[in-house]
Amino acid sequence: MSSIHMDLPIKGGKVRKSHMEKLIVDPPPDDAKEVIKEAFNDLIAPRSPQQQVCAVEKLVAAASGCEESAKMCIKVLVSALLQLQPKVQLRNKIMKSLPFIGEEFPECYLETVMNVLMCALTYDNNNLSVLVQAISLLVEDSGALLSKYRQREDNKDQTDELNETRENILIELHPRIVQAILKGITLFWSRGFKEASSSIEACAVLQQMQQLMKSTTMYLQQHHTHLSQTAALSPTVSELLYAVLSVVRHSSCPLDLRINCGQLLVVIHCILSQGMLGQLVQHVMTGEKPYNDLTSVAQLALINGILCVTPSKELYITNDETFLGVQVLQAVLTPVLHSNDGSIAVSTIRVIYQWTLRTLEALQFPYSVKELKRVLKFSSPLVSSLLDYFWLAWDHFLDSVKHTTKECFMNLVKILQFIDLENSKLYFLNVCKMFLNQLSSRKYRCSAVSCMVPVVGTQTLLKLYPNLLHELLNYMKDPAMASHAAELLEALFTQHEKEVLPEDWQSIWLNIFIDSFSKEMQTFGYELLFKKLLATSPESLDNAVARLVQCSENPVSEKLCLLIMCVKIGRCSPHWLKNNHSKYNGNDSSLWKCVLPNRIIELCLSHKEESVQTAAFSLLCESPRSTELPEKYEHHLIIDYFTYSITTQSPSYRQHMVKSTKKLLLRIKEGSVAMIKLRKSQDIHSVDAVINEQRLFCTKLFTMMVENINCGANNARRGTALLILQLFHEIILGNCGDILGLTHLCHDHVYIDTLLWVLNDSFETNKSIALRLLFSVSEDNWESIYSVKLFSLLRAASSLASSCKPPESLSAAYLFKFLSKQSEAVKMIEDRLPQGINPQSSREILCIYIMESLEKEVKSARESLLMAAASGPMYGNLLCLKVLLSDITEPELINSLDFWIQLVQRVLKICYTVSELVAPVVRNSSPEGHLPMDLNPESLAALSATLQASLGNQQLQGDIMLSQDSKCDELVKAQAVSAQMLLLCAWRCIKEVSLILGDLIQQLPLFPSAHAVLTIENVIAIGQYFLTQLSETKHRGAFEQSYIGFSRVCERLWQCEEEQLRKLPEMWLREVLTSIQDNDDTRLCATRRSAGVPFIVQAVLSSEPSVRGAVCLKNTMKILLHLAEESQYDGTDSRIHAFNILRAIYRDTRLGDRVIPYVSTGVKAAIRGYKSTSWAERNSAALLFSALVTRMFGVKQTQDDLNHKNAMSALVFFRRYPDLFEFLKDELKIGAAGVKEKKFVPALFPSLLLLARLSPAPLEGRTSTVSLSSFTPAVLQCAASSVLQLRDLASHAIITLVPPSHLHQVVNQLCKEACLMDQNKLHGILLCLLKLLKSYSSNISSAEKNSVMMNISVISWAATESNPCLVTRGSALELFTFLFTRCLIPKTSLVLKSICLASFSLVSSDDLVSATMPWSALCQRQAAQFLLHWCHSEKSEAINIISTLISSKSYEVRLSALEHIANQSNHSELIIRQLLERMSDIEIHPECLIQIYKIMSKTVCLQVKNNVIQRECLTPLLQHVTSQAKEESRVEIIPALLQFGSTIVSVLLSLKPVVDFKHALNQWLEAALSYSTSEHSSDSRLMVAEGISSIMPFFSSHPSISEGTILEVYESVVTLLQDDCDAVRNSVAYGVQKLLVDQQHQSQCSLQSTRILSKVCDVIGSIGTPEALTLLVKLTLKDDLPQSFGLTQDDDRVFDKGEMNIYSEDILVGRTAAKSLSGALASWSSCTIPPVLLRSPIIPSLCALPPAQKEIILAKKPADDDDSTFLSIISFLNLLEHDISYIYEEISALTDTSVYCVKNLDLWLVKLGCRSALWRAITQYYNTKSDVITSVVAGLNNSIIKGQFLCEIIDELS
């Protein structure tokens, strides 16, 4: 035997440990060779996967030379094959090895293999998996195991004889094989699947069954001829047919299995009926036996099987004047198959796709082409029906259907081109024209046109539609259209490149892509599209980069982003890089990588737009070569980028930053490893130099990130730094730390202490990252965690666990998790445990410790829940317990099984106890204000104690005293605070208990496992707990968290092997449904949307395994819809519960398409619910209807419900929900009849809303029976309702119902019915006319337009005084205003003139009676709108009309006029003077005042130039605005007022000759700068920032701006640069940049705001005066002091933080100012150190000064020349020394009891950090020695946790 087989490779590559297969095979007989026995043992009980492979090779070798040995080896190997799944490596090895034995012993091989396979097929133990593998081996690779033997030259006769023997054996075995297949299918389905104990087992059965179906199909096809000729097999084959049909009919049969069954059924049909597939199609569609009762999906599976089985050339052979291919397509396109079921849609489009593929194959045969030309003409009904179906399917809600539809259409285009090449282009061009006219109305049209572009040609389309490219690029800004537009653009430029010269292509496509790009497009795939554009024509890249580099002279963000994008694309092109290196000198230091000037990269990294920064940073970090190390220059840029950009507030940009950093670190890792490998071949010194550069950079990066997680850093900075540190650990320290010599970084005790400090961070994400980083540090480094520190951490964790603040409870949990890894800490805890408890692991010890603490709190809660809520709220310890139990492993359980069983029982008991204690609160009908006590002296004492425990000590306030003599508001306040604390305690306890119970069920072994921790009784009790909580709890937070726990329980139980447990969710569901139907059950809450009851149903249904066929869902929906529909339940709680539960089910995304079949019935029930007399029922019905609308139409894309973006085609809607067509028609008829009888019909609202959400159906009447015109009469009748909203909704709905061709007819009908007698009807008619004309005015011909206008002109009386009703008159005016603006009515029309006169009379009338009439103001506003549009055509009358409108008594009229003026560029002198007059004292309405201020802000400069406003009037005007700004109480006016004032100041400053207005300017700045703090609105702060920016250029040139003024402005600039709003920061940064450009003669730049702070401080320092230095000191000391909380605070919400700035970083400002102060002092000579500082601005910023004294100093305003205001540096240093000492004492007092579980400790440390920076800045130039500071440093050095921030403070003070 050849030994080639020994070297056969194993398919699948490298053998891994997980690939060791478990085999159970009968051993060889005792007389077998030892080598066979040894090989058998290696195969059955291997030590490694490689040993199994070697065992196969040994068996094959042992079979050589001896037939008996060969027989043994064959038997072992084939038996092993029967137990191995397909695609297993060992199986492939055996399959390749066995034929070598067969070549040496062919007869023995064939006999042995067949014996083993037959035993497998007929074995009595019904091992179905073996049966499946046996069938598979018979057919795999056309029966490769029994394949015909190769002809051998030396023995041809023997080979032929063997092959004949093989065929005869198979023929004899056919009955047994078919019988085995039948048995296998029957047993699999009846016993395997239907009796599966879990969803996992059911999935495995289905997988094996699918394999069996495939193998059977292949077997029957391979032996089709003999099987069809053997009459004896017909009964068995018929039985097989019925067995497969039973599988297909079952509702739980998956789609893929159905498709395989369909193919098998077709093959069986061919065997039984000798072909006749056309007859099969008819039987399937007509439902003839045995194909009756087949579902639509099953029918489609059979049709798909026909296409798969039939050869392509036979599809278009004439058979009774029909073709099988046509029959199949017609069957698929029958309307009965168009359903709202997603599986039907998927099956249908798959069949059509299969048909297109087979038809394309058939075109290879000439006779098929001839027949297809006759069948598939462009005008044929078959092609029209197919295209109509494509247009519908392309808009389907399933992506798979959409994508497959595109593939089908592309294939159809190829088919039609092949059939008729000449006419296809014209045909598809017409289709493109139809689609391109309205691309945005249907998203699929872009995709469809892109498929036709190769046929039609880009050049043709661009000639027909010159603006097509601009339109498509504008769509790239719309998230809903971007991907579709990109698809079409790609098709256009790809095809266009083939049609025109490269120069022409570049001039068109490059220009438009570069010119049209905006940053909004970048989010939606523009980069990928541009990359494809450049890839289409690679030579265009050079031109694009060259042009964009020129554009960078003007740093526009869009062009810079595009430039970076091009360079990134170019760097992936070796050819482009090579050209650049040859073009430029490779050593040119001004170019980065010879592709881009360095200045551009630096500009981009410091740009104010984050998108530009991110693009440039990614360019630096990413490289096409993974081993390319970053250079030194890049290191500098990256560090600089992190310094100023790490605080970005945008989550998306933070993600980009982290992603790019990860790529950078991976480059460093790969590059460093590669460099080490090159040390042998390259100069060692050069390699070491490169490695050293990378080491220095990594060290800098690591140190920077550690510094950024310190106190005072905002969350954006901390979060990003922690993420980067995590990457650093994983990539650098974990892989190349030794190479770079960086392993010592994570061993530093300062770093470890810093991470420990982060465990008390406010954000859980930061805590979890810090904990992972701590765990990643080697245990050898825990020497720094000495016992004192561990003891303090333990005390801190225990204290935090009992805190009433949830974030602190979470900190405790993370601390305990950290301590669980510290053996010394665990020993400390163990020593504290009671005697008699002997836990073994650290987790067990901590769990016992927490349980002991929890039991104490429970004992306290039994005595007083209110007191426990303040001092020991229980939920903290429960959370700690949950965290410790959450990741318990199975080995831990097994090692201490008895202990865990006892502990879990103890946990369950205490959980139930806690739940009972807090139940009265969360189950109270009003849990939010529940306080179980009266205001007697005892309860007041309890309240006082509670408040003192929870608030007083935490805030370091005095005692809180309450008595019956206390003020009423203080008592109410105390109750409110206590009630909120009590509620917080209660619902948080429920939350933690629910999550603990859910985790226990989900993670612990259950019965019947040998290691089961929970018994069946425990599981049932936990389930009953959840049912009780969800049924009776009223607090939303409590039952939402219970739902999470209950969902986990259900998910686990559905998968259980134990039947009793597996049936529990279904049993619980039945219980709930029974309770709902029982109206006497008082436990359920009918209010609060049925509280937790819907969550019970939702949890069970959403977790139900799909293999069960959604049995529970079907039964539940049947019951609920019955309750919702049957009249006997009207007004009952049962119906309300049914509505609320249905709402939850329809909203649940996990149920997905499974609820679609019940949508129509749900809509019917909801609409009928509107008719109920019960308000509660109507409310529930409305909520259900809202959920159904979202389910049907998708999530709203705009706020306007009736926007076209939220619409669906009427045809698609009624195809998906056909039952609703007649239902809505009947409802509308009934409603219209009620409207006619002047009745109120609430059910009309949802019916009309559905119609209003539909868009006109373009295929109406052609492909379906849907005729929307049948709705029109009823909707028009609804438009006459007495309810205004109903009329408005009807007018929206009418748009859908009236096609453009019927517009003239409907308008004519409406105008004829208009009359004064019925004003409701008239109003409805006017609304309908307006909506129809707005929708269709651009789509009707000029002749129809004239006719429509003539009809409408007849009702012009409705817009004049002839109509006494102001409602209808206002609507008529709106209609004619629209017609006038669209030029649909000539401007010279007498109708318009009469309306104009009537409108002017209306708005100028002083009639008090008319003014008080309802709708008078709105009618006058509409009249004003008409007049304002009239002003455009009648310029002579415009000023008079506008002047009249401005003086109107109606503010709506004035506002309309002012909005009109605001949109104009030129204003008359009369109007301006009138506005000034109204602004001064006449106008009182805020909106009008805002408009006046905005108008004056825009025009004041021009009016001064034109002398409309005199120069002398500007200062008084500024003083007036200043007084208004100080006195104005209406916050909405402030921004406009500030904007106007800033504009006046700018004008005054720019006047020549110069005007001195110093006093007015100072007053204005005082008023304006008071609005720069965070408590004011962002609009106000933005206006202050813009105002400051406008005056900065005049700092050095205007006499009115004094140095004091400049310093005040700079102080506010620093405040605004730390603002929470990025627009405010960018605005003030822009002003500073202008100042820098003027002062330093720099070129114009666009710097990010974070880079401006240091420049501002440097500018202040450069002034050099004592006042300037004082300001720097003040900025260093300034901070936002936390507001204390007490009973005197206005806000009674105990946990609200109010307005706060989460971006500001006081420590950053303080250190930056201190650095600038140090620089300023350095510029003074040693003999002229400034002897004085201004006193009053500094001292109030010191912490040591009492508040009363601060107020006195602030109130005192000393004169400028008062020497007493000066303070020497020595005196100031003494004050600073005292302040530092005071802060240190406060910190020492706070940290005496624990490490960091104290409020405001971070703030005190930040204060200390600012003062230490100031101390260092001054003392380095003014030497002083302080014993106080020395003692402070010594004390700080003794800190238990000494993080990076504290070390920096110590260093500065030292």
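Residues numbered from 1 in each chain as written. Predicted model: local features only at pLDDT ≥ 70, side-chain atom pairs only at ≥ 80, totals over all residues. Heavy atoms only, no water.

## Topic: the overall build of the chain
Tallying secondary structure elements over the chain gives 87 helices and six strands in all. Taking all 1854 residues of the chain together, the buried fraction comes to 56%. Relative to all contacts within the chain whose residues are 6 or more apart in sequence, the contacts with residues 24 or more apart total 74%. (Helix = DSSP H or I, 4+ residues; strand = E, 2+ residues; numbered from the N terminus. Buried < 20%, exposed > 50% of the residue type's maximum accessible area, 1.4 Å probe, protein only. Contact = heavy atoms within 4.5 Å.)

## Some points on a negative patch on the surface
Side chains of Asp 30, Asp 31, Glu 67, Glu 68, Glu 107 and Glu 111 sit close together on the surface and give a patch of like negative charge. Relative to the helices and strands, Glu 68 resides in helix 3 (residues 67-81). Since its relative accessible area comes to 48%, Glu 68 is described here as partly exposed. (Patch = residues over 30% accessible without salt bridge, like charges linked within 9 Å, V, L, I, M, F, W, Y side chains within 5 Å. Areas by Shrake-Rupley, 256 points an atom, 1.4 Å probe, with all protein chains shown as cover. Salt bridge = Lys/Arg side-chain N within 4 Å of Asp/Glu carboxyl O. Lys, Arg positive; Asp, Glu negative; His and termini not counted. Charge placed at Lys NZ, Arg CZ, Asp CG, Glu CD.)

## Observations concerning the side chain of Asn 710
Checked against the element boundaries, Asn 710 lands in the loop between helix 34 (684-707) and helix 35 (715-733). At 2.8 Å, the side chain of Asn 710 and the backbone oxygen of Glu 707 are in polar contact. In this structure the side chain of Asn 710 is engaged in a polar contact, spanning 3.3 Å, whose partner is the backbone nitrogen of Phe 1845. Setting aside its immediate chain neighbours within four residues, Asn 710 contacts Arg 718, Thr 754, Gln 1844, Phe 1845 and Glu 1848. (Polar contact = N/O pair within 3.5 Å; in protein donor to acceptor, adjacent residues only side chain to side chain.)

## Observations regarding helix 62 (residues 1284-1297)
The end-to-end C-alpha distance of helix 62, which contains 14 residues, comes to 20 Å, matching closely the 20 Å that a straight helix rising 1.5 Å per residue would cover. With respect to burial, helix 62 is a largely interior element, 10 of its 14 residues being buried. Regarding helix 62, the residues found buried are Leu 1286, Arg 1287, Leu 1289, Ala 1290, Ser 1291, Ala 1293, Ile 1294, Ile 1295, Thr 1296 and Leu 1297. Considering only its buried residues, helix 62 is in contact with helix 58 (1210-1216), helix 59 (1219-1236), helix 60 (1244-1252), strand 4 (1254-1255), helix 61 (1272-1278) and helix 64 (1319-1336). (Expected span 1.5 Å × (residues − 1).)

## Here we look at the packing of helix 15 (residues 342-362) against helix 18 (residues 399-419)
Packing of helix 15 against helix 18 brings their axes to within 9 Å, and their N-to-C directions diverge by 25 degrees. One element, helix 15, and the other, helix 18, form an angle in the roughly parallel class. Both helix 15 and helix 18 take part in a crossing whose hand is left-handed. Where helix 15 approaches helix 18, its residues Ala 345, Val 346, Ile 349, Ile 352, Tyr 353, Trp 355, Thr 356, Leu 357, Thr 359 and Leu 360 are matched on the opposing element by Ser 400, Val 401, Thr 404, Thr 405, Glu 407, Cys 408, Asn 411, Lys 414 and Ile 415. The residue inventory of the contact of helix 15 with helix 18, partitioned by class, reads 11 nonpolar, six polar and two charged. (Axes fitted to C-alpha atoms, helices over the stretch in contact; angles between N-to-C directions. Parallel < 35°, antiparallel > 145°, perpendicular 65-115°, else oblique. Left-handed = near helix turned anticlockwise from the far one by under 90°. Nonpolar A, V, L, I, M, F, W, Y, C, P; charged D, E, K, R; others polar.)

## Some details on the pattern of salt bridges
Following the criterion strictly, the structure yields 52 salt bridges and no others. Salt-bridge contacts for Arg 1811 lead to Asp 1779; the nearest nitrogen and oxygen are separated by 2.5 Å. Residue Arg 1811 is found in helix 85 (residues 1801-1819), and its partner Asp 1779 is found in helix 84 (residues 1769-1790); the two are separated by 32 residues along the sequence. The pair formed by Arg 1811 and Asp 1779 is uniform in burial state, with each residue classed as buried.

## Some thoughts on unusual backbone geometry
Note the cis peptide between Phe 1007 and Pro 1008, where omega equals 10 degrees. As for its position among the elements, Pro 1008 is in the loop between helix 48 (968-1003) and helix 49 (1016-1032). Looking along the chain, the bond that leaves Lys 1552 and enters Pro 1553 is cis, with omega of -5 degrees. For Pro 1553, the position within the fold is in the loop between helix 75 (1534-1550) and helix 76 (1558-1569). Positioned with a positive phi, Cys 594 is a non-glycine residue whose angle comes to about 60 degrees. Within the secondary structure, Cys 594 is located in the loop between strand 1 (591-592) and strand 2 (596-597). A relative accessible area of 3% means that Cys 594 is categorised as buried.

## Notes on the side chain of Lys 1034
Relative to the elements of secondary structure, Lys 1034 occurs in the loop between helix 49 and helix 50 (1036-1054). One polar contact links the side chain of Lys 1034 to the main-chain carbonyl oxygen of Glu 1032, over a distance of 2.9 Å.

## So, the environment of Lys 1331
Note on placement: Lys 1331 falls in helix 64. As for Lys 1331 and Ile 1295, which are separated by 36 residues in sequence, their C-alpha atoms are 6.8 Å apart.

## Quick notes on the environment of Cys 698
Tracing the chain through its elements places Cys 698 in helix 34. When the C-alpha positions of Cys 698 and Leu 742 are compared, they lie 8.0 Å apart, and in sequence the two are 44 residues distant. Not counting residues up to four positions away in its chain, the partners in contact with Cys 698 are Ile 668, Phe 728, Leu 740 and Leu 742.

## Points about the nonpolar core
Ranked by internal contacts, the top residues of the largest apolar core, which has 624 residues, are Ile 185, Phe 390 and Met 874. A per-element tally of this core places helix 46 (residues 897-922) first, with 14 residues. When neighbours within four sequence positions are excluded, Ile 185 is seen to be in contact with Met 209, Leu 212, Met 213, Leu 240, Ala 243, Val 244, Val 247 and Leu 264. (Core = buried A, V, L, I, M, F, W, Y, C linked by side-chain atoms within 4.5 Å.)

## Focus: the packing of aromatic side chains
Centre distance and the angle of the planes are the two values used to describe a pair of aromatic rings. For the structure shown, the criterion picks out 45 aromatic pairs. Here the aromatic residues Phe 378, Phe 390, Trp 391, Trp 394, Phe 409, Tyr 427, Phe 428, Phe 435 and Tyr 444 are joined through ring pairs into a cluster of three or more. Here Arg 1253 stacks its cationic end above the ring of Phe 1193, 4.7 Å away from the centre of that ring. In this structure, Lys 1807 is placed above the aromatic ring of Trp 1804, and the distance from its NZ or CZ to the ring centre is 5.6 Å. (Phe/Tyr/Trp six-rings, centres within 6.5 Å; stacked < 30°, edge-to-face > 60°. Lys NZ or Arg CZ within 6 Å of the ring centre and 35° of its normal.)

## Some points on the confidence of the model for the chain
In this model, the chain carries a mean pLDDT of 82, and residues with pLDDT of at least 70 account for 86%. Across residues 933-937, where pLDDT falls below 50, the model places 11 contacts with residues more than four positions away in sequence or in other chains. Scored below 50 in pLDDT, residues 950-977 makes 62 contacts in the model with residues more than four places away or belonging to other chains. (pLDDT = per-residue confidence, 0-100.)

## Quick word on the packing of helix 60 against helix 62
Viewed as axis vectors pointing N to C, helix 60 and helix 62 meet at an angle of 30 degrees, and their least axial separation amounts to 8 Å. Of the possible angle classes, the one that applies to helix 60 and helix 62 is roughly parallel. Every pair of crossing elements has a handedness; the one defined by helix 60 and helix 62 is left-handed. Contacts between helix 60 and helix 62 pair Leu 1244, Phe 1245, Leu 1248, Leu 1249, Leu 1251 and Ala 1252 from the former with Gln 1285, Leu 1286, Leu 1289, Ala 1290, His 1292, Ala 1293 and Thr 1296 from the latter. A per-class count over the contact of helix 60 with helix 62 returns 10 nonpolar, three polar and no charged.

## With respect to helix 33 (residues 651-677)
The terminal C-alpha atoms of helix 33, which comprises 27 residues, lie 39 Å apart, in line with the 39 Å expected from a rise of 1.5 Å per residue. Taken residue by residue, helix 33 has Met 657, Val 658, Ser 660, Thr 661, Leu 664, Leu 665, Arg 667, Ile 668, Lys 669, Gly 671, Ser 672 and Met 675 as its buried positions. In this structure, the buried side of helix 33 is in contact with helix 31 (610-621), helix 32 (632-645), helix 34, helix 35 and helix 36 (737-740).

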